[in-house]
Amino acid sequence: MTNPYVPLLIMAAVAAVMAVGGLAASAFIGPKRYNRVKVANYECGIDPTPTAGSAGRFPVKYYLIAMTFIIFDIEVVFLYPWAVAFSELAVFGLVAMLTFIALITVPYVYEWRRGGLEWD
Amino acid sequence: MSLVHYLVLSGIIFSIGATTVLIRRNAIIALLGVELMLNASNLTLVTFARLHGDLTGQVIAFFVMIVAAAEVVVGLAIIVSIYRTRRSASVDDASLLKS
Amino acid sequence: MNGVDSMAAVPWLTLLIVVPLASALVLWLVPQLHRFARQIGLVVSLLVLAGAVVAAVGAFDMGAAGTVQLNETYAWIPQIGVSYAVGVNGLGLAMVLLAVFLVPLVLLAGWREQDQPAGTAAADRDQASVLRRQAGFVALILVLEALMIGIFAARDVFLFYVIFEAMLLPVYFLIGAYGGPRRKAAAMKFLLYSLAGGLIMLVGVVALYVMGPGGEQGFLIDSLAGSIQTGVWGERLLFLSFFIAFAIKAPLWPVHTWLPDTAEQSPPGNNVLLVGVLDKVGTFGMIALILPLFPEASQWAAPVIIVLALISIIYGAILAIGQRDLMRLIAFTSVSHFGFIVLGIFLREPVALTGAMIYMVAHGVSTAALFLVAGFLTQRTGSQRIGDHAGLQKVVPVMAAMFLVAGLASIALPGLSGFIPEYLVLVGTFRVNLVAGVIAVLGVILSALYLLLPYQRIFAGATREGQETVPDLTGRERWVMAPLVAAMLVLGIYPAPVLDAVRPVAEDSAIEQTTTFAPAGDAATEEADQ
Amino acid sequence: MTLGLLPMGLGSPAGPSADFSNDTWWIWIIKAVGILVFLLLSVLVAIWAERKVLGKMQTRTGPSVHGPIGLLQSLADALKLMLKEDFTLRGAHKVLYLLAPLLAAFTAFMVMAVIPFGPEVSIFGVVTPLQLTDMPVAVLYILAITALGVYGIVLGGWASNSPYPLLGSVRSSAQIISYELSMGLSLVSVFIVSGSLSTSQIVSAQSQMWWAFALLPAFLIYMVSMVGEVNRLPFDLPEAEGELVAGHMVEYSSMKFAWFFLAEYINMFNVSAIATTLFLGGWRAPWPLSQINDGMFNEGWWPLLWFVAKVWLFMFFMFWLRATLLRFRYDQFMNLGWKVLIPGALAWVVAVAILQGLQQFYGIPLTTVIGWIAGVFLVIMLVLLFWPEKKGAEEEDERDALPATPGTARRGDVLAAETEFDPFAGGYPVPPMPGQKLPPSPRQQRRERETQLAALGTGAPTTPEPQKEDDDG
Amino acid sequence: MTFNAPEIAWGGLTPVLIIAGAAVLGILVEAFVPRGPRRTVQIVLALGAAAAAVVAVAWRWTEVQAGGAQHLVGDRVVEDLPGLAAQGMIAAVALLGILVIADRTETGEGSFVAQASTRPGSPAEADATRAGLVQSEIFPLTLFSVTGMLVFVQANDLLTLLIGLEVLSLPLYVLAGTARRRRLLSQEASMKYFLMGAFASAFTIFGIALLFGYSGTVTYEGISQAAPATAGLDEMFLAGSALVIIGLLFKLGAAPFHAWTPDVYTGAPAPIIGFMAATTKVAAFVALMRFVYVAVPSMEWDVVPFLWAVATLTMVVGTVVAVVQSNIKRMLAYSWIAHAGFVLIGVTALEQVAIPAVLLYLLTYGVATIGTFGIMTLVRERDAAGNINAEATSIEQWAGLGKRAPWLAVAMTIFMLSFAGIPLTAGFMGKFTVFSAGVAAGHTWLVVLAVIASAATAYFYIRLVVVMFFSEPNSEEAAKIAVESGVSEVPQGDVPTGDLELDNLSAAGSEAAAVARSEAAAAANTVSYDASGPRNASPVAVVASEGLTGVAIVVTAVATVAVGVFPGPLMNLLAQASAFLP
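Each chain carries its own residue numbering, running from 1 in the direction its sequence is written. Ligands are numbered from 1 and chains lettered from A, in the order in which they are written. In keeping with the model being predicted, local features are shown solely for residues with a pLDDT of at least 70 and side-chain atom pairs are shown and tallied solely at 80 or more, while totals for entire chains, interfaces and linings include all residues. The basis for the side-chain values is all heavy atoms of the structure; hydrogens and waters are excluded.

A. Representation of the overall build of chain C in the model. Scanning chain C from terminus to terminus reveals 22 helices and two strands. Between the two quantities, the radius of gyration covers C-alpha atoms and the globule rule is 2.2 Å times the number of residues to the power 0.38. Taking 2.2 N^0.38 as the reference for a compact globule, 530 residues should give roughly 24 Å; the C-alpha atoms of chain C span a radius of gyration of 22 Å, in line with that estimate. Projected onto the principal axes, the alpha-carbon positions of chain C cover approximately 65 × 55 × 45 Å. Of all 530 residues assigned to chain C, the portion counted as buried reaches 63%. The contacts of chain C with a sequence gap of at least 6 include a subset with a gap of at least 24, amounting to 81%. Surface exposure here means Shrake-Rupley accessible area, sampled with a 1.4 Å probe, where a residue is shielded only by the protein chains that are shown. Summing over all exposed atoms, chain C offers an accessible surface of approximately 17800 Å²; the carbon and sulfur share of this is 67%. Helix and strand definitions here come from DSSP, where helices need a minimum of 4 consecutive H or I residues and strands a minimum of 2 consecutive E residues; each element is numbered from the N-terminal end. Three exposure classes are used, based on accessible area relative to the maximum for each residue type with a 1.4 Å probe and protein chains only: buried under 20%, partly exposed in between, and exposed over 50%. Whether two residues touch is decided by their heavy atoms; if any such pair falls within 4.5 Å, the residues are in contact.

What follows is the structure, encoded as structure tokens:
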């Protein structure tokens with residue numbers, strides 16, 4: 001069997017050409033009429049608030065989501081190989097994974113109960 | 001492309017990560033440096049797993065990912081809390097402990 | 001079973017150790033007893049003295065003074081071969097007796113010393129804290145007594161080391177809590193020196209453990225002697241580790257510098273025990289540990305040590321002459337005296353060794369007397385500086401007399417305690433090495449200067465203004481001095497008991513050397529001769 | 001039927017079942033370009049179709065001017081976008097600003113590479129499956145690429161250095177990571193029963209039974225999270241027009257905007273295709289058709305038709321949703337993801353694993369297990385039926401203990417009932433919290449007074465009567 | 001490709017399971033038990049688990065004595081006597097540590113912040129404090145950390161080592177940031193600890209990767225067998241071992257990987273440091289020894305000189321820097337570094353007798369550390385208004401403690417003497433045995449260096465004793481400090497001061513002070529001055545423990561003395577633990 005990733009590379013190349021080509025084409029075709037207002041931030045037409053430095057900040061709540069996400073992402077990372085090898089790992093795998101899920105559930109329950117999953 | 005290349009690559013990435021931790025003062029960047037180091041380790045592990053025809057390396061890579069994730073969670077929590085206090089994530093700004 | 005046997009069956013040494021220790025503990029734990037701390041201390045120390053005398057007379061076979069008697073051996077930490085093994089030979093007994101003899105005197109001498117607290121804080125100015133200070137003082141002295149007995153009786157190197165280190169603490173607290181204005185620094189200096197010495201010794205102890213015979217009693221001096229598995233240099237290094245510790249303790253030039261500073265700041269009572277007894281641990285250790293354990297190495301090092309000892313003698317004497325502080329002066333005289341003792345020990349000559357042993361006892365008594373008198377004096381005048389006193393002879397004749405007697409004993413006036421040991425050491429020295437003998441004699445001459453000059457300055461001449469009303473020794477103080485003077489006289493006129501006790505020990509040690517290491521011994525002697 | 005749940009359960013983890021051994025480089029290029037063309041065309045059609053469908057559902061025409069029944073409308077839009085001025089925002093992070101749309105489009109294109117469009121066909125004499133490639137970890141690849149797509153949105157919003165895009169990107173990333181979890185979890189049961197992560201293998205595992213039926217809960221969860229993943233209504237918070245204008249795309253124009261827009265629609269196709277592959281039997285013909293003529297419709301080019309039809313089924317479903325549902329509030333949306341979908345998916349995985357385990361490792365037939373479960377369930381229900389109801393479950397929450405400071409009141413706080421409503425809490429006009437009563441507006445008060453005056457005919461104020469019916473206008 | 005489920009000897013995992021189960025249970029307790037009894041439940045749970053773990057270890061000990069060492073999970077985890085000894089020590093010390101952690105002292109507030117998530121100085125923090133919230137998560141976190149340690153010492157496989165390392169470290173990073181007072185410092189400590197820890201574990205992981213690449217396996221036995229077989233890749237093996245060892249050395253705080261130690265010791269809450277310092281070291285040293293003894297014995301000629309260098313540097317750095325510290329916590333931190341150097345001597349001995357020696361040293365150190373930091377939680381700063389603040393960490397502040405709290409001072413003295421290695425304390429026995437192992441291995445020069453260093457360490461330990469017993473608190477200075485702190489710092493908590501142990505406030509005085517405090521900080525200054533007189537102007541207060549810390553201090557002090565005087569039974573016990581299961 002040939003390496004299945006080679007077609008993927010070809011696909012990637014084609015997709016990249018497409019994506020870059022589209023941008024390049026529009027850059028060539030499109031008009032160039034510079035305007036100070038045009039390149040200013042859009043804030044519903046009012047004068048943009050001056051933003052300091054590079055960019056605004058992600059709110060803290062976002063990090064909370066990210067952290068919780070990571071925990072479950074890890075779970076998924078382990079679940080996939082196990083699911084694929086479910087038959088082979090047999091009872092041992094099943095019990096181990098149930099334990100694992102239970103252990104992941106504990107902090108989930110904790111977070112829920114303690115208001116970590118309240119969004120507002 | 002021989003396996004050595006992968007090792008060299010991972011060595012380079014590891015060094016970049018380590019350098020980042022050592023010279024960048026922003027805690028989050030430093031954390032990223034650590035992540036880079038971990039990823040270099042993962043690359044090494046997977047390469048060797050391939051070399052030895054032994055999945056152990058890949059399994060360890062899984063665990064390293066877990067470790068990385070756990071570290072990110074804990075580290076991010078710590079850094080966010082300190083950031084909220086000081087409005088800065090710089091390691092140097094947090095220097096009350098310098099003697 | 002006859003009387004002696006039943007007497008010997010009593011664990012005398014353990015009793016002597018436990019009684020003061022337990023009393024100290026009780027005293028410390030029960031605040032209600034603080035009011036009677038001094039009385040309790042005195043009673044206990046007298047009891048211990050009585051016990052020691054009874055043991056010495058009743059249980060100790062003076063005929064076999066060369067052997068270790070009153071033995072008690074219990075397993076302590078069998079895992080590393082440590083046992084609680086105590087027992088004394090003639091020398092040990094003499095030292096134990098010296099210690100228990102001095103403790104009641106120290107307590108008595110310091111009877112009023114803690115009446116005025118040294119602290120400045122308001123909290124200290126109440127009665128309870130004064131009582132607490134008194135109780136603390138007594139308790140520490142008692143603990144020290146127990147440890148002194150323990151260390152002179154220890155037959156186990158580990159036990160010896162443990163007590164060696166543990167002894168630092170009471171002394172340290174005595175200096176730190178009851179000393180002069182710069183007591184903290186002095187205490188620290190004392191502690192660091194001693195600790196450094198002790199830790200160097202620890203290396204030796206550790207090495208002994210590793211290289212020794214092992215077994216459940218591997219740390220007994222008897223098991224160790226002659227069975228240390230090590231090469232020539234190993235033995236020499238081991239020797240050094242012990243010797244440095246003892247030299248610091250002794251104190252031998254050039255590691256003596258802690259003694260003057262400590263003595264200057266330390267309370268007189270503590271000085272008595274520190275210089276009179278504790279420092280003898282160094283020389284005692286040389287005799288009891290170094291000579292039997294590292295015979296070859298001690299021969300190897302003997303020339304250097306003899307030189308050091310001679311330097312000590314001369315250096316101590318010269319510096320003593322230049323001192324302005326009375327306590328420092330006495331401390332430096334002790335450096336000189338310790339030079340004699342170490343000289344006697346490392347000449348490896350039975351007569352000199354006997355002399356050194358008696359010297360230890362005699363010096364203990366005379367220095368104790370000197371420190372006590374100096375303490376009485378400085379307590380009255382509030383100054384330790386020699387120059388602050390003058391012409392006190394007329395004001396305090398008894399004190400002057402006491403000082404003179406003690407001083408003369410110290411500089412080995414015939415008929416007083418110092419003479420016989422110094423004579424024996426000198427005789428031994430001349431037998432071995434003429435040059436060394438000459439230098440040592442030089443030290444004797446200098447000693448006359450360093451004691452007579454201060455006497456002259458303090459007591460002779462016109463009385464200094466303001467010192468006309470200095471009171472003479474009180475009854476209590478005279479009672480303190482009387483036994484000391486008696487002891488000095490007895491040792492000077494009739495030293496036979498002590499001589500009998502230590503001579504076998506000295507001969508044993510000396511014989512041991514000559515028999516075991518005869519060839520090397522000759523070579524070393526030749527070296528020393530040159 | 002129930003017993004047929006696990007046809008492929010046994011055996012070792014399977015790799016791709018499709019055979020790519022005949023493929024050559026030009027076949028790959030043909031397939032790759034084909035996928036690209038298919039996607040672009042589909043998007044054009046989809047945009048038109050969406051507008052048409054929405055139009056019909058809202059009883060209006062939708063696009064009708066360009067081309068027959070307005071078919072060329074999207075093409076015209078696309079051309080217009082291409083001809084627009086392409087500018088770079090001042091203050092933007094140049095590289096990332098440019099990279100973001102590229103990334104979005106690129107990742108969108110890439111997903112289809114491992115989707116099986118059909119069985120083996122002959123292309124210019126080469127027998128090859130209608131699938132660019134497949135690998136043992138194909139689904140993982142899809143998830144990875146999708147995850148990468150988030151960067152397009154996040155970076156786009158961030159690099160613009162502008163408030164609306166930033167908010168949009170934050171919301172978007174929060175949303176996507178929240179829904180990715182339930183999506184990923186819902187797939188686990190598929191893998192358990194298929195025994196593979198390879199798409200072609202998963203499709204062939206569904207030859208007897210579509211997982212959509214056997215694993216219905218997982219399918220439902222996937223459907224919901226799929227909509228969440230692609231930021232469609234009712235989950236289109238990142239680009240909620242009313243709030244954020246267009247979210248991360250606000251500061252983009254011309255082709256950059258087009259790529260974002262395109263990526264969004266392609267992603268719709270992607271998730272639909274994944275759903276088709278994993279749950280609806282992929283390219284396999286639906287049941288009655290699959291039986292015709294010994295599976296004639298499962299061979300040759302026919303399956304392409306079924307596949308496209310199924311994908312469009314999902315597309316229509318999404319159009320339909322858009323026409324039907326309102327946008328969720330942020331907290332409702334997150335609650336749905338975190339408190340319903342994730343635990344649901346998790347519980348489902350556990351259930352499937354246990355059932356499968358019992359059946360596979362202990363030989364206990366599924367019917368028996370389900371019978372037992374039903375029995376236990378029945379008993380529990382009976383008990384609950386006669387259980388005395390508990391009076392008001394007490395909520396114990398960490399912040400109950402915190403004394404409420406005005407203006408920081410939060411949902412669920414009991415304080416709301418007794419605190420006075422402050423219309424300008426925190427300096428901004430705010431609506432009343434649950435339990436707080438809105439005081440009558442000044443205008444209403446005036447009107448009340450006027451009516452009373454009118455009713456009494458005097459100027460003397462008397463006890464005010466509660467007014468209810470006078471402001472129904 | 002078939003999968004063989006590993007044999008799991010569940011019995012051997014009992015201690016780990018107990019602690020881990022209790023930790024998980026603790027999380028559930030957090031989630032479901034109402035706030036009122038929550039803290040009590042957590043304390044009972046944590047203490048019970050630690051005690052049960054001790055019992056379980058004892059049971060396993062007898063089992064292993066009878067049945068021999070065994071592999072527990074495949075060959076990833078081994079159960080042998082050194083590992084069990086370490087587990088027992090960790091569990092026992094953790095038990096004591098939890099006692100200290102649980103104690104809130106009579107001020108009613110522990111060393112831990114009410115809500116770690118609140119911003120220091122924010123209204124939310126004040127709210128949380130006023131509401132008396134308790135961050136009772138510290139107990140499960142502690143238990144998780146203990147879980148990691150228990151695994152760490154039994155790890156026979158680099159992967160298990162890694163897992164143990166992380167499980168033990170991560171909770172500690174968080175715990176370090178939970179101090180109630182000086183929160184900025186605490187957070188900073190937490191961040192530094194985390195960054196350095198993550199950095200070090202990255203090294204470990206890379207080392208693991210290299211070792212795996214070299215030997216194709218990650219079990220210690222496998223690595224040791226592969227070592228002589230594979231030629232030409234020695235550099236990789238060397239680098240891998242070195243990196244793994246570096247990661248472990250970091251945990252130990254051995255120089256030059258010690259940079260985090262002083263900061264963390266200074267910033268983290270005292271009970272946590274006590275717990276951490278005592279237990280982590282046991283875990284890390286045993287793991288290090290197992291790695292060095294079992295996995296890379298063939299590298300002796302490369303590893304041992306490396307460890308020599310580290311030990312030397314560690315001793316020198318620790319000692320020299322500690323001498324100039326005036327902050328007790330920092331002093332203890334550097335002194336620990338020096339201790340780590342001493343223990344490393346035992347590790348470098350590469351002899352089986354070194355194992356019990358190192359264990360003994362670690363136990364004695366750990367016990368004394370718990371006690372020391374237990375005492376530190378009781379000696380607090382006080383502002384002029386009488387509010388009890390953070391721990392008094394400046395050495396000057398401890399002046400006169402011997403008079404005001406003689407028992408505490410005595411206990412502290414015992415611990416300091418034990419640290420200094422004075423005979424008749426446990427620390428001496430530890431030093432003695434470790435040095436013996438060093439000499440037996442022929443590293444006499446290292447021992448000599450260590451002895452010199454420990455003479456120097458004795459200096460600063462004894463200095464604290466001097467300060468406690470022989471120094472008078474400088475009243476004028478103290479008053480000045482009190483005034484300044486009172487003016488500059490608005491009292492944070494509203495702690496009742498009337499019930500301080502050695503506080504002679506009259507009832508009226510305390511009332512007056514309380515009233516004044518509620519009115520204005522400035523007014524409080526004057527009133528409390530008038531009421532309590534100059535003696536209370538001292539900036540240091542000794543608060544009484546709720547009992548738990550007291551128990552811990554008494555137990556540790558008694559144990560320190562008892563082991564010092566009669567080390568026999570303990571040494572007998574540990575002497576059995578003289579062989580890793582290879």
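That shown, we press on.
B. Main features of the packing of helix α8 (residues 183-211) of chain C against helix α18 (residues 444-470) of chain E. Lines fitted to C-alpha atoms define the axes here, with helix axes fitted over just the stretch in contact, and angles between the N-to-C directions of these axes take values from 0 to 180 degrees. The interhelical angle for the contact between α8(C) and α18(E), taken along N-to-C directions, is 150°, at an axis separation of 9 Å. Judged on the interaxial angle alone, α18(E) and α8(C) are roughly antiparallel. Here α8(C) runs over α18(E); the crossing is right-handed. Side by side, α8(C) and α18(E) meet where C:Arg183, C:Lys184, C:Met188, C:Leu191, C:Leu192, C:Leu195, C:Ala196, C:Leu199, C:Ile200 and C:Val203 of the first sit next to E:Val447, E:Val448, E:Val451, E:Ser454, E:Ala455, E:Ala458, E:Tyr459, E:Ile462, E:Arg463, E:Val466 and E:Phe470 of the second. Residue composition of the contact of α8(C) with α18(E), by class: 17 nonpolar, one polar and three charged. Every angle not falling under 35 degrees, over 145, or within 65 to 115 is termed oblique; those three ranges are roughly parallel, roughly antiparallel and roughly perpendicular. Handedness of each helix crossing follows the sense of rotation of the near helix against the far helix: counterclockwise by less than a right angle gives left-handed, clockwise gives right-handed. Classification convention: Asp, Glu, Lys, Arg as charged; Ala, Val, Leu, Ile, Met, Phe, Trp, Tyr, Cys, Pro as nonpolar; all other residues, Gly among them, as polar.

C. Region of interest: the domain arrangement of chain A. Per the annotation, domain bounds derive from an automatic or database assignment of domains. Split by domain assignment, chain A resolves into domain 1 (1-32) and domain 2 (58-114). The centre of domain 1 of chain A, based on its C-alpha atoms, is set 37 Å off from the matching centre of domain 2 of chain A.

D. Up close: the pattern of salt bridges. Any Lys or Arg side-chain nitrogen located within 4 Å of an Asp or Glu carboxyl oxygen qualifies as a salt bridge. Under the definition given, this model contains 12 salt bridges over all chains. For E:Glu79, the salt bridge is made with E:Arg60, and the minimal N-O distance between the two is 2.6 Å. With E:Glu79 in strand β2 (residues 77-79) and E:Arg60 in helix α2 (residues 35-67), this residue pair connects regions lying 19 residues apart in the sequence. On the accessibility criterion, E:Glu79 (0% relative accessible area) is buried. Of the residues examined, E:Arg60 reaches a relative accessible area of 6% and is grouped as buried. E:Lys192 is the salt-bridge partner of E:Asp263, the closest N and O atoms lying 3.5 Å from each other. Pair noted here: E:Asp263 is in helix α10 (residues 260-267) and E:Lys192 is in helix α7 (residues 183-215), with a separation of 71 residues, a long-range link. Each member of the pair, E:Asp263 as well as E:Lys192, is classed as buried. Among the charged side chains, a salt-bridge network with shared partners connects A:Arg114, E:Glu30, E:Arg38 and E:Glu137.

E. Spatial organisation of the packing of aromatic side chains. All names here are of chain E. Working definition: a ring pair exists when centres of Phe, Tyr or Trp rings (six-membered ring for Trp) sit within 6.5 Å. Plane angles under 30 degrees give stacked, over 60 give edge-to-face, the rest tilted. This structure, assessed with the given rule, holds 54 aromatic pairs over all chains. The rings of Phe-285, Trp-336, Tyr-365, Phe-419, Phe-460 and Tyr-461 are connected pair by pair, giving a single aromatic cluster. Counting as a charge over the ring demands two things of the Lys NZ or Arg CZ atom: a distance within 6 Å of the ring centre and an angle within 35 degrees of the ring normal. In this arrangement the basic side chain of Arg-60 is found over the ring face of Trp-59, its NZ or CZ atom lying 4.7 Å from the centre.

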